[in-house]
Amino acid sequence: MRLEILRPTRRIVLLGAGAAGLTSLASCVSVLPDITADGVGASNEAARQVAALRSANGQAALAADHTLERAAIEQARYMAAGGKMEHTALRGRDFFTRMKKNGIGAPAAENLAHGRFDVARVIDVWMESPPHRRNMLDERFGRFGLGYVAQADDRRYWAMVLAA
């Protein structure tokens, strides 16, 4: 009787390595926050309030913009995934890099917030903060996008992107 030694083929080795990699990634999912919803449409909801604030300060209304809203939601997702409110997103993507990736040119600005706010309250919070207020009343901007990512505890990561 002849004994044959089975030698793994390259394909079997790669499949095994891939399965091991997927198993290790599956265990990482639990470290992401429990994200329940995102704020698609928040820009339209905020448009009247933002227009009234700008009008009261001698500025033209801002148009709600879907491209800017998408960029805002993207930043809110980055913040929720990282558990931090900051302008530099996951993997070191700064504001200017993210804007360029989304086809948004200068001038542009971004307001961030984190908390149990609805649309009206987050706008009020930003108006009470001089740097955020300055962004929202900047005469160079003609459009904005607002979005959030909600977590299970009802806290939201908010982002507003403003551009010309």
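Note that the structure is predicted; figures quoted are calculated from it, not measured. (Residues numbered from 1 in each chain as written. Predicted model: local features only at pLDDT ≥ 70, side-chain atom pairs only at ≥ 80, totals over all residues. Heavy atoms only, no water.)

Trainee: Kindly report on the overall build of the protein, identifying the contributing residues and their values.
Mentor: On a plain count of helices and strands, the protein comes out with 6 helices and 5 strands. Counted from the first residue to the last, the protein has its helices and strands arranged as α-β-α-β-α-α-β-α-α-β-β. A burial count over the protein gives 35% of its 164 residues as buried. For the protein, the share of sequence-separated contacts (at least 6 apart) that also reach a separation of at least 24 residues comes to 70%. Accessible surface, the protein as shown: approximately 9900 Å² in total, 56% of it carbon and sulfur. (Helix = DSSP H or I, 4+ residues; strand = E, 2+ residues; numbered from the N terminus. Buried < 20%, exposed > 50% of the residue type's maximum accessible area, 1.4 Å probe, protein only. Contact = heavy atoms within 4.5 Å. Areas by Shrake-Rupley, 256 points an atom, 1.4 Å probe, with all protein chains shown as cover.)

Trainee: Can you lay out the packing of helix α5 (residues 119-127) against helix α6 (residues 130-137) for me, pointing to particular residues and giving the numbers?
Mentor: One can describe the packing of α5 onto α6 by two numbers: an axis separation of 6 Å at closest approach and a directional angle of 110 degrees. The angle between α5 and α6 places the two elements in the roughly perpendicular class. When α5 is examined against α6, the residues Ile-123, Trp-126 and Met-127 are found in contact with a partner set consisting of His-132, Arg-133, Met-136 and Leu-137. (Axes fitted to C-alpha atoms, helices over the stretch in contact; angles between N-to-C directions. Parallel < 35°, antiparallel > 145°, perpendicular 65-115°, else oblique.)

Trainee: For the side chain of Arg-156, give the residues involved together with the corresponding values.
Mentor: By the element assignment, Arg-156 lies in strand β5 (residues 156-163). Buried charge without a partner: Arg-156 forms no salt bridge, and the closest opposite charge is Asp-154, 4.7 Å away. There is a polar contact of 3.4 Å between the side chain of Arg-156 and the backbone oxygen of Phe-117. Excluding residues that lie within four positions of it along the chain, Arg-156 makes contacts with Ala-113, His-114, Gly-115, Phe-117, Asp-118, Tyr-148, Val-149 and Ala-150. (Lys, Arg positive; Asp, Glu negative; His and termini not counted. Salt bridge = Lys/Arg side-chain N within 4 Å of Asp/Glu carboxyl O. Polar contact = N/O pair within 3.5 Å; in protein donor to acceptor, adjacent residues only side chain to side chain.)

Trainee: Describe the packing of aromatic side chains, listing the residues and the values that go with them.
Mentor: Summed over all chains, the structure comprises 2 aromatic pairs. Aromatic side chains Phe-95 and Phe-96 sit 5.4 Å apart centroid to centroid with 70 degrees between the ring planes, which places their arrangement in the edge-to-face category. Judged by centre distance (4.6 Å) and plane angle (45 degrees), the ring pair of Tyr-148 and Trp-158 falls under tilted. With a gap of 10 residues between them, Tyr-148 in strand β4 (residues 143-151) and Trp-158 in strand β5 connect regions that are remote in the sequence. As far as the burial class goes, Tyr-148 and Trp-158 line up, both buried. Across from the ring centre of Tyr-148, 4.1 Å away, lies the NZ or CZ of Arg-156, which sits over that ring. (Phe/Tyr/Trp six-rings, centres within 6.5 Å; stacked < 30°, edge-to-face > 60°. Lys NZ or Arg CZ within 6 Å of the ring centre and 35° of its normal.)

Scope: geometric values only; no functional claims are made or implied.
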